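# Residue-level structure breakdown
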Amino acid sequence: TLMRKHAIINNRKIGKNNPCFLIGEIGINHNGDIENVFRLIDAAVDAKFDAVKFQKRTPKECVPVDQWEIMRETPWGLISYIDYKEKIELNFDDYKKIIDYANKKNITWFASCWDESSVDFMEELNIPCYKIASASITNLDLLRKISRTKRPVMMSTGMSTMKEIQTAVEILDCDNFLLAHSTSSYPANYQELNLNMIKTLGRIYDCPIGYSGHEVGLSTTISTVALGATFIERHITLSRAMWGTDHSASVEPQGMIKLARDIRLVESAMGDGVKKVYDSEKPIIAKLRGNS
């Protein structure tokens, strides 16, 4: 395969010995409101995140037909699931505004496409990177279409077997490829995070390995840096109390600041693994060991 240890997204190098690439997954947490998107981008910029990520669907293509008419209580009243899915989609003009805003704020944007029409939609917007959601790993036609674009690809691996991951990797075989360990329950149970998979994937695949977290809290996500995660994605929200499925497992603006700060602290603390006596220790040696 063409895999390499580093990937480049929007001129930013991702991989070992580079700062961890921090992604705020806006997903559908904007609840269909572009003003919420702008506020979430601001929060990501304030927290010094590197990127924000969206989800793009053509609901009639990717929502199973047997779910269309299920009624759902929403901010727009009691409506069918397919109507709800249509309402939370952002249109082409919305994305143009979002891209202008992200460029102005100097933050990278990208998206996961859940169906083939969404790939065509994103190609027109010159998307810098495609994300493959865990749910889409077995959608081989979608993977083939994304592979043909020759753009960078990041793939999450939740709810997938090693065999499914391998099949997808072979199809996506590209120069700029990144793989994220993930557990796809919302919120994910700590006992099921299996963070050592980051090391396992790193042994098998010669590409940047990262972590997409859906747990509550920050400590487990921060710890992935020490396990070798070169990029980290967490869902972000203006408030966990907002209406919607993903808010409860998302990080609020204050948490985003703490997450980014602590990840940078852990990075700076990792060192090179070569034992040395620091200048700061020398007065202590004199004090505690005397002249011995």
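About the cut-offs
- Residues numbered from 1 in each chain as written.
- Predicted model: local features only at pLDDT ≥ 70, side-chain atom pairs only at ≥ 80, totals over all residues.
- Heavy atoms only, no water.
- Helix = DSSP H or I, 4+ residues; strand = E, 2+ residues; numbered from the N terminus.
- Rg over C-alpha atoms; globule rule 2.2 N^0.38 Å.
- Buried < 20%, exposed > 50% of the residue type's maximum accessible area, 1.4 Å probe, protein only.
- Contact = heavy atoms within 4.5 Å.
- Pairing = 2+ DSSP bridges.
- Right-handed = clockwise from strand over helix to strand, strands pointing away.
- Axes fitted to C-alpha atoms, helices over the stretch in contact; angles between N-to-C directions.
- Core = buried A, V, L, I, M, F, W, Y, C linked by side-chain atoms within 4.5 Å.

## Quick look at the overall build of the protein
Looking only at helices and strands, one finds 11 helices and 12 strands in the protein. Since a compact globule built from 292 residues should have a radius of gyration of about 19 Å, the 21 Å found for the protein is in line with a globular shape. The principal-axis extent of the C-alpha atoms belonging to the protein is close to 80 × 45 × 40 Å. For the protein, buried positions account for 51% of its 292 residues. The contacts of the protein with a sequence gap of at least 6 include a subset with a gap of at least 24, amounting to 66%.

## A short note on the pairing of strand β4 (residues 51–56)
Burial analysis of β4 places 6 of its 6 residues in the buried class, which makes it a mostly covered element. Here β4 shows a buried face lined by Ala 51, Lys 53 and Gln 55 and a second buried face lined by Val 52, Phe 54 and Lys 56. Note: strand β3 (residues 21–27) against β4, 4 bridges, orientation parallel. Residue pairing in the sheet places Gly 27 in a bridge with Phe 54 of β4. A crossover links β3 with its parallel partner β4, the connecting element being helix α1 (residues 34–46), and its sense is right-handed.

## Quick word on the pairing of strand β7 (residues 108–113)
With 6 of 6 residues buried, β7 is to be regarded as a mostly interior element. What you see with β7 is no split at all: Thr 108, Phe 110 and Ser 112 on one side and Trp 109, Ala 111 and Cys 113 on the other are buried throughout. When β4 meets β7, the two strands line up parallel, connected through 6 bridges. Following the sheet pairing, Gln 55 is matched in β7 by Ser 112. By the bridge criterion, 2 bridges tie β7 to strand β8 (residues 130–132) in an arrangement that is parallel.

## Focus on the environment of Gln 67
When you line up the elements, Gln 67 lands in the loop between α2 (59–62) and β5 (71–74). Classification of Gln 67 by relative accessible area gives partly exposed; the value is 31%.

## What to know about the sheet that holds strand β11 (residues 209–213)
Spatial ordering of the closed barrel is given by β3-β4-β7-β8-β9-β10-β11-β12, a layout of 8 strands whose pairing is parallel. Sheet twist, expressed as the mean angle between neighbouring strand axes with direction ignored, is 25 degrees. As defined by bridge partners, β11 adjoins strand β12 (residues 231–235) across 3 bridges and the pair is classed as parallel. Each bridged residue has a counterpart across the sheet, and for Ser 212 the counterpart in β12 is Glu 233. Taken strand by strand, helix α7 (residues 162–172) contacts β8, β9 (153–156) and β10 (177–182), and its axis lies near 170 degrees from that of β9.

## A few points about the nonpolar core
Nonpolar side chains tend to gather and get buried jointly when the protein is soluble and globular. In this structure, Phe 49, Phe 54, Trp 109, Met 122, Met 155, Phe 177 and Leu 179 are the most contacted members of the largest nonpolar core, which totals 78 residues. For this core, the leading source of residues is α1, giving 7 residues. If near-sequence neighbours (up to four positions away) are discounted, Leu 179 is found in contact with Met 155, Thr 157, Val 169, Leu 201, Tyr 205, Cys 207, Pro 208, Ile 209, Gly 210 and Phe 231. Counting 8 residues, the second largest nonpolar core, distinct from the first, contains Ile 28, Ile 79, Tyr 81 and Tyr 84.

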